[in-house]
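# Residue-level structural notes
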Amino acid sequence: MTDARWIWAEGLRTVAHDETVLDALYPSPAAGRAPADHTATLTGRVDERRGVRVEAITVEIDLNTPPASTEDAYLRLQALSHLLVQPNELNLDGIFGHLPNVAWTNAGPMLPAEVAARRAELQAAGIQVQGLDKFPRLTDYVLPTGVRIADVSRVRLGAYLSPGTTVMHEGFVNFNAGTLGASMVEGRISQGVVVGDGSDIGGGASIMGTLSGGGSHRVSIGERTLLGANAGIGISLGDDCVVEAGLYVTAGSKIVLVDQPLQADGSPVVVKGSELSGKNGVLLRRNSLTGAIEAVARQGVGVTLNEALHA
């Protein structure tokens, strides 16, 4: 990234009595710089029940630079979820430091320390805590077009969901991750992971992210690819691939190339999983007799999603 890329928006930020900025909502973020003649149209308010005030703001950010504030961080997350920028195409360095841990209630965010002190008043007003986290639910800020989400608590703000995507009850999509086309999500899409058009992440399946413990490789899945139920990957998959249900493949996994001629000593060709990362048309399976992971070349188109389901 070399040229400055800007996003701007008018919004509302929530500020606690100790001046902690809890969140910022931007109904209609847009590409570019804020117009010089822009006139604010949103108005603030005070919510004594939660001990917060809501203030109107106008923010513009350079996507190439790291987040500089809570308001900045929230605009980046909403730019992703409004599909203004794709995952991994903006600077999110240090974003956790600008996101306070928040008590998310059905009336909006508040300081966790305030909940116990205001419990009776909150209960009388029908206000309940629904989560305690740095990230809110996607749908509290953005309602993506043409998308089905069975359980909104499992999709974080900052998720990038293309029209036609279905996220089932056990599916999970983290921030800075998501689908680049119509996809079925019944497993976990971790931070930094993107899934191509027509692909299916099976129930209980897991895709390795880079937030903790892993390397720097950002896993991606191509088009028309199936990650079977309870399977997992730490390598990228190309187009028209299949990973057998229950099989977990990492960069260090030893994989037998079934289609390759045997070596001079009669042994099969074995490679690390990293050598197959991103390859198209590969079936990854476990040999039921030997337990070895095998790679077999696939011909033709991979999985086909139910068009009516994703319409």
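Residues numbered from 1 in each chain as written. Predicted model: local features only at pLDDT ≥ 70, side-chain atom pairs only at ≥ 80, totals over all residues. Heavy atoms only, no water.

## Let's talk about the overall build of the protein
What counts, and what does not: Numbering of helices and strands starts at the N terminus; helices are DSSP runs of H or I of at least 4 residues and strands are runs of E of at least 2. Relative accessibility thresholds used throughout: buried, under 20% of the residue-type maximum; exposed, over 50%; partly exposed, between the two (1.4 Å probe, protein chains only). Contacts are residue-level and defined by heavy atoms, with any inter-residue pair within 4.5 Å sufficient. The Shrake-Rupley method, run with a 1.4 Å probe, gives the accessible areas here. Residue values count only the displayed protein chains as cover. Asp and Glu count as negative and Lys and Arg as positive, but His and the ends of the chain are not part of the count. Each charge is placed at NZ for Lys, CZ for Arg, CG for Asp and CD for Glu.
When helices and strands are tallied, the protein shows 4 helices and 27 strands. Viewed in the frame of its principal axes, the protein has a C-alpha envelope of about 75 × 45 × 40 Å. Within the protein, buried positions represent 48% of all 311 residues. For the protein, the share of sequence-separated contacts (at least 6 apart) that also reach a separation of at least 24 residues comes to 49%. Counting only carbon and sulfur atoms, one obtains 50% of the accessible surface of the protein, whose full area is about 14,300 Å². In the protein, 24 side chains carry a positive charge and 33 a negative one; their mean positions are 4 Å apart.

## Side note on the nonpolar core
One broad rule of soluble globular proteins: the nonpolar side chains tend to lie buried together. Formally: Here, the term nonpolar core denotes a set of buried Ala, Val, Leu, Ile, Met, Phe, Trp, Tyr and Cys residues that are joined through side-chain atoms within 4.5 Å. Start and end points for every domain follow an automatic or database-based domain assignment.
In this structure, L161, I207, L227 and L284 are the most contacted members of the largest nonpolar core, which totals 65 residues. Among the elements that make up this core, the one with the highest residue count is helix α1 (residues 70–81) (6 residues). Shared between two domains, this core holds at least three residues of each, these being domain 1 (3–99) and domain 2 (139–309). Core analysis: the second largest hydrophobic core is formed by 5 residues, A103, M110, V115 and L122 among them.

## Observations regarding the pairing of strand β27 (residues 293–297)
Put simply, the rule reads: Pairing between two strands requires that DSSP report at least two bridges joining them.
In terms of residue burial, β27 counts as a mostly covered element, since 4 of its 5 residues are buried. Bridge count for strand β24 (residues 254–257) against β27 is 3 bridges, and the pairing is parallel. Of the residues in β27, the one forming a bridge with V256 is E294. By the bridge criterion, 5 bridges tie strand β26 (residues 282–286) to β27 in an arrangement that is antiparallel. Counterpart to R286 in the pairing with β27 is I293. Between the antiparallel neighbours β26 and β27 lie 6 residues, among them G291 with a positive phi of about 85°.

## A closer look at the side chain of E71
Structurally, E71 can be placed in helix α1. Residues in contact with E71, not counting those within four places in the same chain, are R13, V21, A24, Y26, I57 and V59.

## Regarding unusual backbone geometry
Phi angles above zero are rare outside glycine, and N88 is one such case at about 70°. Inspection of the secondary structure puts N88 in the loop between α1 and β6 (102–105). Overall, N88 belongs to the partly exposed group, its relative accessible area being 31%.

## What about the domain arrangement of the protein?
Using the following cut-off: As used here, buried area is the combined drop in accessible area, with a 1.4 Å probe, of two parts when they are placed together. What makes a salt bridge here is a side-chain nitrogen of Lys or Arg within 4 Å of a carboxyl oxygen of Asp or Glu, nothing more. Here a polar contact is recorded for every N or O atom pair within 3.5 Å, except that within protein the pair must consist of a potential hydrogen donor and a potential acceptor, and residues adjacent in sequence are included only if both atoms are side-chain atoms.
Per the domain assignment, the segments making up the protein are domain 1 (3–99) and domain 2 (139–309). Computed over C-alpha atoms only, the centres of domain 1 and domain 2 are separated by 32 Å. With 18 residues of domain 1 at the interface, the matching set in domain 2 holds 17 residues. Carbon and sulfur atoms supply 68% of the area buried between domain 1 and domain 2, which totals about 1,500 Å² over both sides. Summed over the shared surface of domain 1 and domain 2, the result is 0 salt bridges. Summed over the shared surface of domain 1 and domain 2, the result is 6 residue pairs in polar contact (both at pLDDT 80 or more). Mapped onto the side of domain 1 that touches domain 2, the elements with two or more residues apiece are β2 (21–25) and α1. Among the elements that make up the side of domain 1 that touches domain 2, the one with the highest residue count is α1 (5 residues).

## With respect to the UniProt feature "active site" (unreviewed entry) in the protein
Selection rule: UniProt positions are given in the numbering used here, feature names are shortened, and annotations may be inferred rather than shown by experiment.
Feature annotation in UniProt assigns "active site" (unreviewed entry) to the following positions: E186. Here E186 is in contact with M168, E170, G171, D200, I201, G202, G203 and G204, once residues within four sequence places are set aside.

## Things to note about the pairing of strand β5 (residues 52–62)
Alignment of strand β1 (residues 6–16) against β5, held across 11 bridges, turns out to be antiparallel. Paired with L12 across the bridge in β5 is A56. One ladder, built from 3 bridges, connects strand β4 (residues 45–47) with β5; its direction is antiparallel. Bridged to V46 within β5 is R53. The antiparallel pairing of β4 with β5 creates a hairpin that spans 4 residues between the two strands, and G51 there sits at a positive phi of about 70°.

## Quick notes on the packing of aromatic side chains
Where we set the bar: Two rings from Phe, Tyr or Trp (for Trp, the six-membered ring) form a pair when their centres sit within 6.5 Å of each other. Planes less than 30 degrees apart are called stacked, planes more than 60 degrees apart edge-to-face, and all others tilted.
Evaluated as defined, the whole model comprises 5 aromatic pairs. Ring centres of F96 and F175 lie 5.9 Å apart, and the angle between their planes is 85°; this geometry places the pair in the edge-to-face category. Of the two residues, F96 sits in the loop between α1 and β6 while F175 sits in the loop between β12 (172–173) and β13 (177–179), which places them 79 residues apart along the sequence. Judged by its relative accessible area of 35%, F96 falls in the partly exposed class.

## A word on the pattern of salt bridges
Considering all chains together, one arrives at 14 salt bridges under this definition. A salt bridge links E114 to R118, with the shortest nitrogen-to-oxygen separation between them at 2.7 Å. The exposure class of E114 is buried, given its relative accessible area of 15%. Look at the salt bridges and you will find they share partners, linking R13, E19, R53, E55 and E71 into a network.

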